[in-house]
Amino acid sequence: MEVESIQKALCNQFGVEHFPSPSHLKIGIAKNVKVSQNFPINGLRHTPEGDTTGWYIWAGEEFSDIADFFSPLCVEHIPVWCPAIIKFLGLPPGFRFLIGEGGYEDIWFDKDLLK
């Protein structure tokens, strides 16, 4: 099944419209997503601005306020960094996801992300 079909199916499960993350746009991703197998892997989506998708992805229990915690990365490079998150990147702004060990996944809407 192609990526867009997988993303649309996930959106359908939550009754929301597919909101693509075009491959040329950027996400903010923490280096710990690629360099380690820290769990959980967390993602949240703000409203996109400029050349970004609004997505921020990090691994581990702690979110950091360090200025360079997130690095910009074009969506087209996600399959190399963390293919497990690709299916979530069609969720609209306001959504969050968590991937835990053993295949655990959680997805929820957080209205505060839209402020």
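The present account deals with the structure reproduced in this document.

Criteria and thresholds
Residues numbered from 1 in each chain as written. Predicted model: local features only at pLDDT ≥ 70, side-chain atom pairs only at ≥ 80, totals over all residues. Heavy atoms only, no water. Phe/Tyr/Trp six-rings, centres within 6.5 Å; stacked < 30°, edge-to-face > 60°. Salt bridge = Lys/Arg side-chain N within 4 Å of Asp/Glu carboxyl O. Helix = DSSP H or I, 4+ residues; strand = E, 2+ residues; numbered from the N terminus. Buried < 20%, exposed > 50% of the residue type's maximum accessible area, 1.4 Å probe, protein only. Arc of directions from axis to C-beta. Contact = heavy atoms within 4.5 Å. Core = buried A, V, L, I, M, F, W, Y, C linked by side-chain atoms within 4.5 Å. Pairing = 2+ DSSP bridges. Axes fitted to C-alpha atoms, helices over the stretch in contact; angles between N-to-C directions.

## Brief notes about the packing of aromatic side chains
Here is step 1 of the chain: If you walk through the whole model with that rule in mind, you get seven aromatic pairs.
Here is step 2 of the chain: A ring pair is formed by phenylalanine 69 and phenylalanine 70, whose centres lie 5.0 Å apart and whose planes are at 80 degrees; its orientation type is edge-to-face.
Here is step 3 of the chain: A ring pair is formed by phenylalanine 88 and phenylalanine 97, whose centres lie 4.3 Å apart and whose planes are at 10 degrees; its orientation type is stacked.

## Looking at the pattern of salt bridges
Opposite charge on two side chains makes pairing possible when the charged atoms of those side chains draw close.
Here is step 1 of the chain: Within this structure, the stated rule accounts for five salt bridges.
Here is step 2 of the chain: The salt bridge partner of lysine 26 is aspartate 51, with a shortest N-O separation of 2.5 Å. Linking lysine 26 in strand E1 (residues 26-30) with aspartate 51 in the loop between strand E2 (41-45) and strand E3 (52-59), this pair joins segments that are 25 residues apart in sequence.
Here is step 3 of the chain: What makes lysine 26 partly exposed here is its relative accessible area of 27%.

## Quick notes on helix H1 (residues 3-13)
Here is step 1 of the chain: Of all the residues in H1, the buried ones are Gln7, Leu10 and Cys11. The buried residues of H1 occupy one face: seen down the axis, they fall within an arc of 100 degrees. Within H1, the exposed residues directed more than 90 degrees away from the buried face are Asn12 and Gln13.
Here is step 2 of the chain: Lining the buried residues of H1 we find strand E6 (105-109).
Here is step 3 of the chain: Glycine 15 sits one or two residues past H1 and shows a positive phi near 65 degrees.

## Structural notes on the side chain of serine 71
Here is step 1 of the chain: Note that serine 71 resides in strand E4 (residues 70-74).
Here is step 2 of the chain: You can call serine 71 buried: its relative accessible area is 17%.
Here is step 3 of the chain: In contact with serine 71, not counting residues within four places along its chain, are Ile27, Gly28, Ile29 and Lys31.

## Comments concerning the environment of proline 22
Here is step 1 of the chain: When you line up the elements, proline 22 lands in the loop between H1 and E1.
Here is step 2 of the chain: Each C-alpha atom, one on proline 22 and one on isoleucine 78, is 12 Å from the other, the two residues being 56 residues apart in sequence.

## Some thoughts on the nonpolar core
Here is step 1 of the chain: Ile57 and Phe97 are the most contacted members of the largest nonpolar core, which totals 23 residues.
Here is step 2 of the chain: Once residues lying within four places of it in the same chain are set aside, the contact partners of phenylalanine 97 are Ile41, Asn42, Gly43, Trp55, Ile57, Ile85, Phe88, Asp106, Ile107 and Trp108.
Here is step 3 of the chain: Leu44, Phe69, Phe70 and Leu113 belong to the second-largest nonpolar core, a separate cluster that totals six residues.

## Some points on the sheet that holds E4
Here is step 1 of the chain: Strand order in the open sheet made by the six strands is E4-E1-E3-E2-E5-E6, with mixed pairing throughout. In this open sheet, the two strands that pair with only one neighbour each are E4 and E6. Averaged over all pairs of adjacent strands, the angle between their axes in this sheet comes to 20 degrees, without regard to strand direction.
Here is step 2 of the chain: Pairing of strand E5 (residues 95-99) with E6, which is carried by five bridges, proceeds in the antiparallel orientation. Following the sheet pairing, leucine 98 is matched in E6 by aspartate 106.

Purely geometric numbers; function is a separate question.
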